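Spelled out from the first residue to the last, the chains are:
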Amino acid sequence: MAGFFNAVSACLVLLMLMAVGYFMGVWGWMTATEKRFISKFIINIAVPCNCLVGLLDNLDRSSLAQAGLMVVAGFAGIGASMAIAVAAAALLRLPRERWGVFVAMAGLSNTIFIGIPVCTQLFGEACMPYLMLYYLGNTSVLQSAGILLVERAGSKVTRERGVLPFLRNLFTKPPILMVIFSVLLLVLGLRPPEPVMKFAGYVSGSVSPLALIYCGFIVYEVGLKNLRFSRGLPTMLVIRLFIAPIICMAMCNLFGMSGLARNVFIVESALPVVSQVTVMAGKFGADEKYAAAGATLSTLGSFVTIPILMVFLAS
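All of these numbers come straight from a predicted model, not from anything done at the bench. (Residues numbered from 1 in each chain as written. Predicted model: local features only at pLDDT ≥ 70, side-chain atom pairs only at ≥ 80, totals over all residues. Heavy atoms only, no water.)

Draft legend 1. Representation of helix α10 (residues 207-222) within the structure. An ideal rise of 1.5 Å per residue puts 22 Å on 16 residues; α10 measures up with 23 Å between its terminal C-alpha atoms. Looking only at α10, the buried set comprises Val207, Ser208, Ala211, Leu212, Ile213, Tyr214, Cys215, Gly216, Phe217, Val219 and Val222. Remark: glycine 223 follows α10 within two positions and exhibits a positive phi of approximately 90°. (Helix = DSSP H or I, 4+ residues; strand = E, 2+ residues; numbered from the N terminus. Expected span 1.5 Å × (residues − 1). Buried < 20%, exposed > 50% of the residue type's maximum accessible area, 1.4 Å probe, protein only.)

Draft legend 2. Quick look at the side chain of threonine 120. You can see threonine 120 is positioned in helix α5 (residues 115-123). What makes threonine 120 buried here is its relative accessible area of 15%. Only 2.6 Å separates the side chain of threonine 120 from the backbone oxygen of isoleucine 116, close enough to count as a polar contact. Apart from residues no more than four positions distant in its own chain, threonine 120 is found in contact with Glu125, Cys127, Met128 and Ser208. (Polar contact = N/O pair within 3.5 Å; in protein donor to acceptor, adjacent residues only side chain to side chain. Contact = heavy atoms within 4.5 Å.)

Draft legend 3. Region of the structure containing the pattern of salt bridges. Going through the model one piece at a time under the given rule, you end up with three salt bridges. Put simply, glutamate 221 and lysine 35 hold a salt bridge, and the shortest N to O gap is 2.9 Å. Note that glutamate 221 is positioned in helix α10 and lysine 35 in helix α2 (residues 32-58), a separation of 186 residues in sequence. Residue glutamate 221 is classed as partly exposed on the basis of its relative accessible area of 38%. The shortest N-O distance in the salt bridge between arginine 98 and aspartate 287 comes to 2.8 Å. Note that arginine 98 is positioned in helix α4 (residues 96-107) and aspartate 287 in the loop between α13 (276-284) and α14 (288-314), a separation of 189 residues in sequence. (Salt bridge = Lys/Arg side-chain N within 4 Å of Asp/Glu carboxyl O.)

And the structure:
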């Protein structure tokens, strides 16, 4: 039961930080302008610093081969979850503007804005290398299949298709570039000067609180009174919060993952809907309100399911 109470305590801390963002929206202290700034700062500056510190402090050259297998395990779990979501969307006969949004929501998790705060609260900073490996797989699928699904659900076509645009979108993301750079440093046995590492450590400490304040403001924007269990959303929540971690657990066992790495992967797979799905739905003319409701409901629901999940991981 210690794992359960530890998870409940962690979730309460996370909810309090989300409440800061929510009430900043209520009081008018935070608007869409501040939200854009926080998002850009987290993705482009804070998370890359987090990647650098987390990978270099917790991995070494001898563990890189195992890290490759972990990325494959993450890919396999995400792919299986999305396949189940495709079948569920077909059975539910969802309208075109919701079909791709549903599959992307069910298959992809929020590895950064929710994942970093949750995992560091539950497992400490030692979780960061494994979190970033899962993020690598999750983001690769998001930038390829995820975007394609949401685009086909929408009424606007604004994105180039093909391998080159996919690679450009993927490998121009600062967190991905920093993961690659950090792995290269590990292979070469190098390490940045200590002032650089201290700077990165200070900046990376801002990720968790700012990410949760951002998520709290998203809840305010959607509006609690506007949340509705539209057709398909209960099924999406079951896949996202229950089935996806079961699949991930099976893949971890299949690829021989155990201990902290296995637990981090399973928790990462059980997190809420990735926030970019809502952004993409608006961009491509899909059902943006449906995506926003799914993201908010899954965020609130995860704070109930994660403590339960921790009981199983501790047993």
